[in-house]
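Okay, here's what each chain looks like letter by letter:
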Amino acid sequence: MAKTEKTIFNHITMLTIFFCVSYFLLATLGFEWGALTNNATLLWPPSGLAVFGFIVFGRRALPGLLLGAIISSQTISLSTPLGNSFLSIAIAFINGSASILQALLIAFLSQRYYEMEFRVSTSASIRFSFLVLVSCCVAATIGNLTLWQAGVIDLSNALQNWAVWWMGDTIGVLIVAPLLLWIYHRKRFLKNSQAHAF
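Residues numbered from 1 in each chain as written. Predicted model: local features only at pLDDT ≥ 70, side-chain atom pairs only at ≥ 80, totals over all residues. Heavy atoms only, no water.

Visitor: What am I meant to see in the overall build of the protein here?
Guide: When helices and strands are tallied, the protein shows nine helices and zero strands. Reading the protein from its N end, one meets helices and strands in the order α-α-α-α-α-α-α-α-α. Burial status across the protein gives 47% buried among its 198 residues. Restricting to contacts in the protein with at least 6 residues of sequence separation, those with at least 24 account for 73%. (Helix = DSSP H or I, 4+ residues; strand = E, 2+ residues; numbered from the N terminus. Buried < 20%, exposed > 50% of the residue type's maximum accessible area, 1.4 Å probe, protein only. Contact = heavy atoms within 4.5 Å.)

Shown next as C-alpha cells:
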C-alpha cells in the first residue's frame, strides 16, 4: 500500500466510482480494438487496471472493480447472445468474479515487488511475467467453462476462445498494470532507475 495516496482516492465512494467507470471504459475500448470472438479479445486493459487497483489500494478497490467487471461482462460480451435474461446476469457475475479473483491472485503474489518500489532485476521481471502468464489461466478457464456449460460457445470453439481470452488478459496485465503504477508513483519511480526495467 502506498504511504501517500492522492486525496480523491481516500474516499471509498470515489474509489468505487473511479474503478467501476474505468473498468467499463477500458473494457469497451478493449472490445472495440481487439475482439476476435463475441466473448474474448486480444487486448483486455481492465485486467491490468484490476491488478493495479489491488496492489495499490488493496481490498478497498474490490467493490468498484467487481461491479465494473460484472457490468462489462453483461453489457459488452453477453448482451447479444443472451440479452438481459437471468442466465446472462448469472454468467456475468461468475465471469466478472473470476476476473477479479485472478487480479487478486496476481496482486497478492507480486506485492513484495511493489513494496520494494519495483527495484527488480531482470530475473525478477521474468518471474513476474511468468506469474502473470500462469495466473491469467484462471479467468479464461472459469469463463470458458461457464460459457460452454451455458451453451453460449461450442466445445469446438472453446479452445480458441480460451487462448484469445488468456492472451488478452496477459497482455492487459503486462502493459497496463506497470503503466498505471508508473503514472501513480511517477515521481518516486523517476528517482529509481531500476524501476524502469519493470
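Visitor: I keep staring at a nonpolar patch on the surface and nothing clicks. Help me out?
Guide: A grouping of M14, I17, V21, F24, L25, L67 and I71 is seen on the molecular surface, where their side chains present a nonpolar patch of about 570 Å² in accessible area. Looking at the nonpolar patch, the elements with two or more residues in it are helix 1 (12-34) and helix 3 (62-77). The greatest single-element share of the nonpolar patch, amounting to five residues, is contributed by helix 1. Mapped onto the fold, I71 is located in helix 3. (Patch = residues over 30% accessible without salt bridge, like charges linked within 9 Å, V, L, I, M, F, W, Y side chains within 5 Å. Areas by Shrake-Rupley, 256 points an atom, 1.4 Å probe, with all protein chains shown as cover. Salt bridge = Lys/Arg side-chain N within 4 Å of Asp/Glu carboxyl O.)

Visitor: Help me understand the packing of aromatic side chains, please; the structure alone is not making it clear to me.
Guide: The way to describe two aromatic rings as a pair is by their centre distance and the angle between their planes. The full count for this structure, using the stated rule, is nine aromatic pairs. An angle of 75° between the planes, with centres 5.1 Å apart, marks the rings of F18 and F19 as edge-to-face. Here Y23 and W44 contribute two aromatic rings whose centre-to-centre distance is 6.5 Å and whose plane-to-plane angle is 75°, an arrangement assigned as edge-to-face. In this pair, Y23 is assigned in helix 1 and W44 in the loop between helix 1 and helix 2 (45-57), connecting sequence segments 21 residues apart. Of the two residues, Y23 and W44, both sit in the buried class. One aromatic cluster is present, built from ring pairs that chain together F18, F19, F52, F57 and Y184. (Phe/Tyr/Trp six-rings, centres within 6.5 Å; stacked < 30°, edge-to-face > 60°.)

Visitor: Which parts of the structure should I look at to understand the side chain of S135?
Guide: Topologically, S135 is positioned in helix 6 (residues 122-135). The exposure class assigned to S135 is buried, which follows from its relative accessible area of 4%. One polar contact links the side chain of S135 to the main-chain carbonyl oxygen of L131, over a distance of 2.8 Å. Apart from residues no more than four positions distant in its own chain, S135 is found in contact with Q102, L105, I106 and L109. (Polar contact = N/O pair within 3.5 Å; in protein donor to acceptor, adjacent residues only side chain to side chain.)

Visitor: Explanation requested: helix 7 (residues 137-149) in the structure shown.
Guide: For an α-helix, 3.6 residues make a turn, and residues three or four places apart therefore share a direction. Its 13 residues place the ends of helix 7 18 Å apart at the C-alpha level, agreeing with the 18 Å of an ideal helix rising 1.5 Å per residue. Those residues of helix 7 lying buried are A139, A140, G143, N144, T146 and L147. The arc enclosing the buried residues of helix 7, seen along the axis, measures out at 160°, which places them on a common side. Just beyond helix 7, the residue with positive phi is G151, at close to 80°. (Expected span 1.5 Å × (residues − 1). Arc of directions from axis to C-beta.)

Visitor: Sorry, what's going on with the nonpolar core here?
Guide: What tends to happen in soluble globular proteins is that the nonpolar side chains get buried as a cluster. The biggest cluster of nonpolar side chains holds 30 residues, and the ones touching the most others in it are F19, F52, F57 and L65. Elements with a minimum of two residues in this core: helix 1, helix 2, helix 3, helix 5 (86-115), helix 6 and helix 8 (155-184). If one sorts the elements of this core by residue count, helix 2 sits on top with eight residues. In contact with F52, other than residues within four places in its own chain, are F19, F57, A177, L180, L181 and Y184. (Core = buried A, V, L, I, M, F, W, Y, C linked by side-chain atoms within 4.5 Å.)

Visitor: What should I look at first to understand the packing of helix 6 against helix 8 in this one?
Guide: Two quantities define a packed helix pair, namely the angle between the axes and the distance from one axis to the other. At a closest axis distance of 9 Å, the pairing of helix 6 and helix 8 adopts a crossing angle of 145°. Crossing of helix 6 against helix 8: the hand is right-handed. Each of F128, S129, V132 and L133 in helix 6 lies in contact with helix 8, whose residues at this interface are W166, T170, V173 and L174. (Axes fitted to C-alpha atoms, helices over the stretch in contact; angles between N-to-C directions. Left-handed = near helix turned anticlockwise from the far one by under 90°.)

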